[in-house]
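Examining the three-dimensional arrangement
This is what each chain is made of:
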2 protein chains.
Amino acid sequence: MKLSKRAELIPASPIRKLADLAVAAEKKGIKIYRLNIGQPDILPPDSFFKFLHKFPKQVIPYSHSRGELNFLNQLKIYIRGFGIKNAGKKNFVATNGGSEAILWSIMAVANPGDEIIVFEPFYTNYNSLAIMAGVKLIPIRTYIENSFHLPKREEIVKKISKKTKAILIANPNNPTGTVYTSKELELLIKICQKHQLFLLSDEAYRYYSYDGHCFISSLKVEEKLIKNDAKSLIILMDSFSKNFSLCGLRLGFVFSRNLEIIQAMYKFAQARLSASGIGQQIIALLLAKDQKFFKQINKTFLSRRNILITELKKIPDISFSMPEGAFYTLIKLPVKDSEKFCRWLLTDFQDKKETIMLTPAAGFYLTPGLGKDEVRVAYVLEEAKLKRAMEILGKALAAYKK
Amino acid sequence: MKLSKRAELIPASPIRKLADLAVAAEKKGIKIYRLNIGQPDILPPDSFFKFLHKFPKQVIPYSHSRGELNFLNQLKIYIRGFGIKNAGKKNFVATNGGSEAILWSIMAVANPGDEIIVFEPFYTNYNSLAIMAGVKLIPIRTYIENSFHLPKREEIVKKISKKTKAILIANPNNPTGTVYTSKELELLIKICQKHQLFLLSDEAYRYYSYDGHCFISSLKVEEKLIKNDAKSLIILMDSFSKNFSLCGLRLGFVFSRNLEIIQAMYKFAQARLSASGIGQQIIALLLAKDQKFFKQINKTFLSRRNILITELKKIPDISFSMPEGAFYTLIKLPVKDSEKFCRWLLTDFQDKKETIMLTPAAGFYLTPGLGKDEVRVAYVLEEAKLKRAMEILGKALAAYKK
């Protein structure tokens, strides 16, 4: 009895694989500052709890496969708020989190054996989801020295083969914190247009961009370049996990101006009946009432980022890129094997009975050997905790050298 | 720009494709008795609402990819309650509804291009989910005259090819209402054992079996035949949509005695982070407190089934099989094209401003031409409504003949 190749190929999550060591450390009474997972510590808006507390006695039916009417309506208003014209209810399908949106987008554009281009380091689950769909990711490297911005056109084009069906990006980027400029997005769209590729645009961190690095949706850039909705090549994949601090609600959506794409998504949606109806009602309510929440969290995370940077600058022999958005940064450490270091932090190190949990970065790369001296930090802790966590990182690195 | 082959191949849901006609009929003031979708009309247990009403203010995190500890614990007790030994927390992974459990099971055992055997008529989304995974379903026909029970060993074995990786069943069955006997399950397990296939066992209707047709889990039968857990070839796919009348909660699970299978499922789970944590907390609570609910719904549906059968017997020129479980039956009608008839019911027929919505059965078959004179009825209405719906069916058939 042999499982399928994809069951063998799919990697364990690099973000979650240290979880058992963390549990063991906690059992020993060690306090862990968790910087390993993009799990905001901020309470969702009050309306969320009020909704649950007043929930009426009713049958809990499957919702519409495409999405609840009021949810789709609010999505329309939401996306139009980013300056995207022509967004109608018919352009959306509700999904179980951004993850399902990514899986479907890969499935909609690529057959088993086909290829999709990504820029490494990239969100590691892109690879897992592609493996599930039987699709191969082709990585193009980006560099910490360039704040992980895109390479030149030639570097991208030379990776396009007959099997290439799409380019997949996260903007703002996880794990790099990069926010792509409208010039970069224009470049990608033009390449896609020329080579008949789709652009899969994951904008789950759309509300997290800082300073002058203002987030622009790929869709906004495409409107100038491709006038005909039916020729649009962008699939937007999005989620409310981060924007409303509702990771556990598992609600996201796909959007496209191109209705042929949405028709395929709708059939994928029918195959699994529906996303959570209660979840959709909640997000519809929050979108109608709580958009101020987005500004608050943006402010909170900007200030956390600034503290992170200030503290990182105090640590010798490391380098990092200034996060322009999202709530991650990659740090190059003076260690040979960052996974070993991350394990050591949980098994052998403590400072006043406290330690930190980081994500080894090799899992964000496909090219073997890359990222082995890097870690990802998610700055999802309050300011005082974040300061203390960076202090621990400095002490740990000093101790590790010896 | 061309979408993938799977995006083209995946069919629109036969259960849902008449939805627009129903909306149009309702706009004209026609009342519709909906027998087309397996959506129970029964309120979930009170504890569900109490849980929501007392929900504490807290961060809503991703839950564990495998599932929340208390959910897995309750699943263990639940499954042991069916006489399955050795069920531990480590044997489960929580899923977004039974649908995700089915998709992953297909992906875990079959590569793109591989084959899985199903008995037609079968739950139509098996085909959609297989197409998404790039896998081909190979149908073996079952017959209304035999209450859709399994054919003989030879009929099954002759469909096994080098590409065959599994046999996929629903027990109790949707759309046929068949409950497989332990002899039938034994036959399947022995075939799987001999030909090195997995058995994917969808038991989402496990609490719906009537009279002497007592539901037995494939796992229970396997325990007698395969002693070594590591050699178990069954993947159980299950859901709480029907058992707790919580379709819209989207919570299910996979179970296997074979930990290699569960390890693969766990990595699929990590790729999409987690199922709904709130959903898992709710089901854990209901499993602990409300198992009596299962008995109540079984009783309710048995009585509905009996009414359905009594009423169907009054209608001339139709045939049907006595549903042994689930809440569906297939009916052979004296019409040439049941989809046309189902459309006509919504567009052209009414009796005192009322009509019914049925599912054309062709979508439950893969072999072209089969099921064209059949419809599926889901008896998910109160008794008086069900009686009235059957009265309408009789009148409609009489009118349609003319």
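Residues numbered from 1 in each chain as written. Chains lettered and ligands numbered in written order. Predicted model: local features only at pLDDT ≥ 70, side-chain atom pairs only at ≥ 80, totals over all residues. Heavy atoms only, no water.

1. Concerning the packing of aromatic side chains
Under the counting rule described, the total for this entry stands at 64 aromatic pairs over all chains. Measuring from ring centre to ring centre gives 5.3 Å for Tyr205 of chain B and Phe327 of chain B, while their planes differ by 85°; the resulting arrangement is edge-to-face. Pair noted here: Tyr205 of chain B is in the loop between strand E6 (198–202) and helix H9 (218–225) and Phe327 of chain B is in the loop between strand E9 (319–320) and strand E10 (328–332), with a separation of 122 residues, a long-range link. Overall, Tyr205 of chain B belongs to the buried group, its relative accessible area being 6%. The buried category is assigned to Phe327 of chain B, whose relative accessible area is 0%. Taken together, a centroid distance of 5.8 Å and an interplanar angle of 20° make the contact between Phe341 of chain B and Trp344 of chain B stacked. Of this pair, Phe341 of chain B and Trp344 of chain B are both found in helix H13 (residues 338–347), three residues apart, which corresponds to roughly one turn of the helix. On the basis of relative accessible area, Phe341 of chain B is assigned to the buried category, the value being 0%. Counting every residue linked through ring pairs, the aromatic cluster contains Phe71, Tyr78, Phe82, Phe92, Tyr207, Phe215, Phe240, Phe244, Phe253, Phe255, Phe293 and Phe294 of chain A. (Phe/Tyr/Trp six-rings, centres within 6.5 Å; stacked < 30°, edge-to-face > 60°. Helix = DSSP H or I, 4+ residues; strand = E, 2+ residues; numbered from the N terminus. Buried < 20%, exposed > 50% of the residue type's maximum accessible area, 1.4 Å probe, protein only.)

2. Looking at the sheet that holds E10 of chain B
Residue and element names in this part refer to chain B. Overall, antiparallel pairing links the four strands, which are arranged E9-E10-E13-E12 in an open sheet. Of all strands in the sheet, those with a lone pairing partner are E9 and strand E12 (359–360), marking the two edges. Relative to strand E13 (residues 374–378), E10 runs antiparallel, the two being bridged by five bridges. Bridge pairing links Tyr328 to Ala378 in E13. (Pairing = 2+ DSSP bridges.)

3. Some points on the pairing of strand E13 (residues 374–378) of chain A
All names here are of chain A. With five of five residues buried, E13 is to be regarded as a mostly interior element. Pairing of strand E12 (residues 359–360) with E13, which is carried by two bridges, proceeds in the antiparallel orientation. Opposite Pro360, over in E13, you have Val375 as the bridge partner.

4. Looking at the pattern of salt bridges
Considering all chains together, one arrives at 46 salt bridges over all chains under this definition. Across the pair Glu223 of chain A and Lys220 of chain A runs a salt bridge whose closest N-O atoms are separated by 3.3 Å. Linking Glu223 of chain A with Lys220 of chain A, this pair stays in helix H9 (residues 218–225), spanning three residues, or about one helical turn. Lys220 of chain A sits in the partly exposed class, given a relative accessible area of 29%. The partner of Arg304 of chain B in a salt bridge is Asp41 of chain B, with the nearest N and O atoms 3.0 Å apart. Placement of the pair is Arg304 of chain B in helix H12 (residues 292–313) and Asp41 of chain B in the loop between strand E1 (31–34) and helix H3 (46–53), with a sequence separation of 263 residues. On the basis of relative accessibility, which here comes to 4%, the residue Arg304 of chain B falls in the buried class. Salt bridges sharing partners connect three or more residues here, namely Asp351, Glu354, Arg388, Glu391 and Lys395 of chain A. (Salt bridge = Lys/Arg side-chain N within 4 Å of Asp/Glu carboxyl O.)

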